[in-house]
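Letter by letter, the chains look like this.
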Amino acid sequence: MEICNSSHVPELGLQPTTDAEGRNEHIQSHDDATWILTSAFIIFTMQSGFGLLESGSVSVKNEVNIMVKNAVDVIFGGLTYWMLGYGISFGDAKPYSNPFCGWGSFFVTASEEDLGWVYAQFFFQASFATTATTIVSGSMAERTKLEAYIIFSMLNTFIFSFPAHWIWSSNGWLRTMGVVDIAGAGPVHIVGGLTGLVATIMLKPRNNRFETKNAPPMGSPTNAILGMWGWLGFNCGSTFGISGLKWKLAARSAVATVCSSIAGGIVGLTLSYIVKNRKFDVSYMINGVLGSLKKITFYILYLINVFFTLAMCALAQPWQGLVIGSIGALVTNGAVGLLDKLHIDDPVGCVGTHAFSGIWSLLAAGIFIKKDTLAAWTVVISIVFLKLIDIALGIRVPIEEEILGADVVEHSIAGIIYDKKKKKI
């Protein structure tokens, strides 16, 4: 997210807007639409990637359940985004659409003339909306009722959709003030990370989590490592096309993203080697890579803005990606350690990866205003939604079900049948 001269915003071509007759101004060719759809396909594979990361990071008795919750993010979160979320973010029906929220385009459909860009935009933005919820699932892992999580996945659409309107809609109040957020830094990562922080504090730590100094063993480190996939779709796809000069930005984003992840992995492994008595801790490497990717996402959107404002094409050098990734890895691993010391139980490290690294990235990019608005909105609304769910259903599982594991309690894995009404096997 960057604060710039708002007169330059229409030149960007990176977020879809419409002209006076409702035509899309920035999807300029079939190549743009193909690029947008392909990038969204890749971003949706991040649901599988997040699922692998989270199922590998939690205990074996909960790995199926966390994969189900990642599917729930798309199934139920996608439903509410189609019904209402997209309209809140991008609806432009006059006179009801306003700087705070959009109106119109509910239950998304499109005419024959506009269906190409409407559906391309909806599909791309839906991948962002569901990712914002997936971020939270890791923080709530191993101790959340599935029924409660389903309701939360539907409501979290609204936590995302309003900030998305403020920043990405042509009449959003932050957009009109000159805020540019290309890759979802605010609505996706800051909002998702802070919602995860609120959720994990409300849920409280897992049973016996802090009785010893060591974290519970990872259920499948192999799965967790395989889960580091899909970020290229975020950073490169956020150019919203490849026509004109946008293909150069996509190529530059790809190189910067790869270099950043290289540096993040190196720093994570080196840090583990130093603090873990010459052991290469897998979680350090994973947090290093993911933290570096988050850092470069913010920096890329900053450089994209500068590129279109100053007409420069070589601002992001590979060495800069290495430096950015190194800092991101240090921030993320440091944040994960800090949360442990504060006895805040974040099983997959989502808060450190998204919220802490994201906030640092915003500061590093020179953004010292407006992030507080997103933070306040996220914290207040997430507390309200989670509290209402807790009152209605209860969000935390009983201790005996937590000990048994969600795979048995919710899904009867391994042929073990648990009666949730009678609370016995």
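Quick summary incoming for the structure in this document. (Residues numbered from 1 in each chain as written. Predicted model: local features only at pLDDT ≥ 70, side-chain atom pairs only at ≥ 80, totals over all residues. Heavy atoms only, no water.)

A short note on the overall build of the protein
Secondary structure summary: the protein contains 16 helices and two strands in total. Within the span of the protein, comprising 425 residues, buried residues form 55% of the whole. Partitioning the contacts of the protein with sequence separation of at least 6, the portion at a separation of at least 24 is 78%. Surface summary for the protein: the accessible area is close to 17400 Å², and the carbon and sulfur share equals 67%. (Helix = DSSP H or I, 4+ residues; strand = E, 2+ residues; numbered from the N terminus. Buried < 20%, exposed > 50% of the residue type's maximum accessible area, 1.4 Å probe, protein only. Contact = heavy atoms within 4.5 Å. Areas by Shrake-Rupley, 256 points an atom, 1.4 Å probe, with all protein chains shown as cover.)

Concerning the packing of aromatic side chains
Evaluated as defined, the whole model comprises 22 aromatic pairs. Ring centres of Phe 162 and Trp 377 lie 5.2 Å apart, and the angle between their planes is 50°; on these two criteria the pair is classed as tilted. Within this pair, whereas Phe 162 is found in helix 5 (residues 146–168), its partner Trp 377 is found in helix 14 (residues 371–392), the two being separated by 215 residues in sequence. Each member of the pair, Phe 162 as well as Trp 377, is classed as buried. (Phe/Tyr/Trp six-rings, centres within 6.5 Å; stacked < 30°, edge-to-face > 60°.)

Some remarks on the environment of Leu 37
With respect to the helices and strands, the residue Leu 37 is situated in helix 2 (residues 30–57). Using a relative accessible area of 32% as the deciding quantity, one classes Leu 37 as partly exposed. Spatially, the C-alpha atoms of Leu 37 and Gln 121 are 8.6 Å apart, while their sequence positions differ by 84 residues. In this structure Leu 37 touches Ala 120 and Phe 123, once residues within four positions along its chain are discounted.

Concerning the nonpolar core
If you look at the biggest cluster of nonpolar residues, it comprises 46 residues, and the most contacted ones within it are Tyr 81, Phe 128 and Phe 160. For this core, the secondary structure elements donating two or more residues are helix 2, helix 3 (63–90), helix 4 (115–139), helix 5, helix 7 (185–203), helix 11 (282–310) and helix 14. Per-element accounting of this core gives the leading share, ten residues, to helix 4. Grouped together as the second largest cluster of nonpolar side chains are twelve residues, Met 140, Ala 148, Tyr 149 and Leu 203 included. (Core = buried A, V, L, I, M, F, W, Y, C linked by side-chain atoms within 4.5 Å.)

A closer look at the pattern of salt bridges
In this structure the tally under the stated criterion is nine salt bridges. The residue Asp 281 makes a salt bridge to Lys 276 at a minimum N-O spacing of 3.9 Å. Taking the relative accessible area as the measure of exposure, Asp 281 reaches 22% and is therefore partly exposed. Overall, Lys 276 belongs to the partly exposed group, its relative accessible area being 34%. With a closest N to O distance of 2.7 Å, Glu 402 and Arg 396 form a salt bridge. (Salt bridge = Lys/Arg side-chain N within 4 Å of Asp/Glu carboxyl O.)

Here we look at helix 7
For the α-helix, the turn length of 3.6 residues means that residues three or four positions removed from each other point alike. A rise of 1.5 Å per residue sets the reference length of helix 7, with its 19 residues, at 27 Å; its end C-alpha atoms lie 26 Å apart and thus fit the reference within 8%. At Val 191, helix 7 shows its strongest bend, of approximately 25°. A large share of helix 7 lies buried, amounting to 17 of its 19 residues. At the C-terminal side of helix 7, Lys 204 shows a positive phi close to 70°. (Expected span 1.5 Å × (residues − 1). Bend = angle between axes of the 7 residues up to and from the residue.)

Let's talk about the packing of helix 3 against helix 4
Helix packing geometry: the angle between the two helix axes and the distance between the axes. Between helix 3 and helix 4, the shortest axis-to-axis distance is 8 Å and the interhelical angle comes to 130°. By the angle between their axes, helix 3 is oblique relative to helix 4. Helix-helix and strand crossings are classified by hand; for helix 3 and helix 4 the assignment is right-handed. On the side of helix 3, the interface is formed by Ile 66, Asn 70, Asp 73, Val 74, Gly 77, Gly 78, Tyr 81, Trp 82, Tyr 86 and Phe 90, while helix 4 contributes Val 118, Gln 121, Phe 122, Gln 125, Ala 126, Ala 129, Thr 130, Thr 133, Thr 134 and Ser 137. Grouping the constituent residues of the contact of helix 3 with helix 4 by class yields ten nonpolar, nine polar and one charged. (Axes fitted to C-alpha atoms, helices over the stretch in contact; angles between N-to-C directions. Parallel < 35°, antiparallel > 145°, perpendicular 65-115°, else oblique. Left-handed = near helix turned anticlockwise from the far one by under 90°. Nonpolar A, V, L, I, M, F, W, Y, C, P; charged D, E, K, R; others polar.)

Quick look at unusual backbone geometry
The phi angle of most residues is negative, glycine excepted, and most peptide bonds adopt the trans form. A cis amide bond links Lys 94 with the next residue in sequence, Pro 95, at an omega value of 5°. For Lys 204, which is not a glycine, the phi torsion comes out positive at approximately 70°. Within the fold, Lys 204 resides in the loop between helix 7 and helix 8 (221–226). Of note, Asn 277 is a non-glycine position whose phi angle comes to about 55°, a positive value. Here Asn 277 lies in the loop between helix 10 (246–275) and helix 11. Using a relative accessible area of 66% as the deciding quantity, one classes Asn 277 as exposed.

Topic: helix 5
Under the 1.5 Å per step criterion, the end-to-end length of helix 5 is 32 Å for 23 residues, consistent within 8% with the ideal 33 Å. The principal kink in helix 5, of about 30°, is found at Met 154. Of all 23 residues that make up helix 5, 18 are buried, and the element is covered over most of its length.

Focus: the side chain of Thr 378
Mapped onto the secondary structure, Thr 378 falls in helix 14. Excluding its chain neighbours within four sequence positions, the residues that come into contact with Thr 378 are Ile 159, Val 191, Leu 194 and Thr 195.

Overview of the environment of Ser 161
Secondary-structure assignment places Ser 161 in helix 5. For Ser 161, a relative accessible area of 0% puts it in the buried group. Sequence separation between Ser 161 and Gln 125 is 36 residues, and the spatial gap between their C-alpha atoms is 9.8 Å. Not counting residues up to four positions away in its chain, the partners in contact with Ser 161 are Tyr 81, Gly 85, Ile 88 and Ser 89. A polar side-chain atom of Ser 161 sits 3.4 Å from the main-chain carbonyl oxygen of Gly 85. (Polar contact = N/O pair within 3.5 Å; in protein donor to acceptor, adjacent residues only side chain to side chain.)

Here's the deal with a nonpolar patch on the surface
The grouping of Leu 232, Val 258, Ile 262, Ile 266, Trp 319, Leu 322, Val 323 and Ile 327 at the surface amounts to a nonpolar patch, some 690 Å² of accessible area in total. Counting residues per element, the ones that place at least two in the nonpolar patch are helix 10 and helix 12 (318–341). Ranked by the residues each element gives to the nonpolar patch, the list is headed by helix 12, at four residues. (Patch = residues over 30% accessible without salt bridge, like charges linked within 9 Å, V, L, I, M, F, W, Y side chains within 5 Å.)

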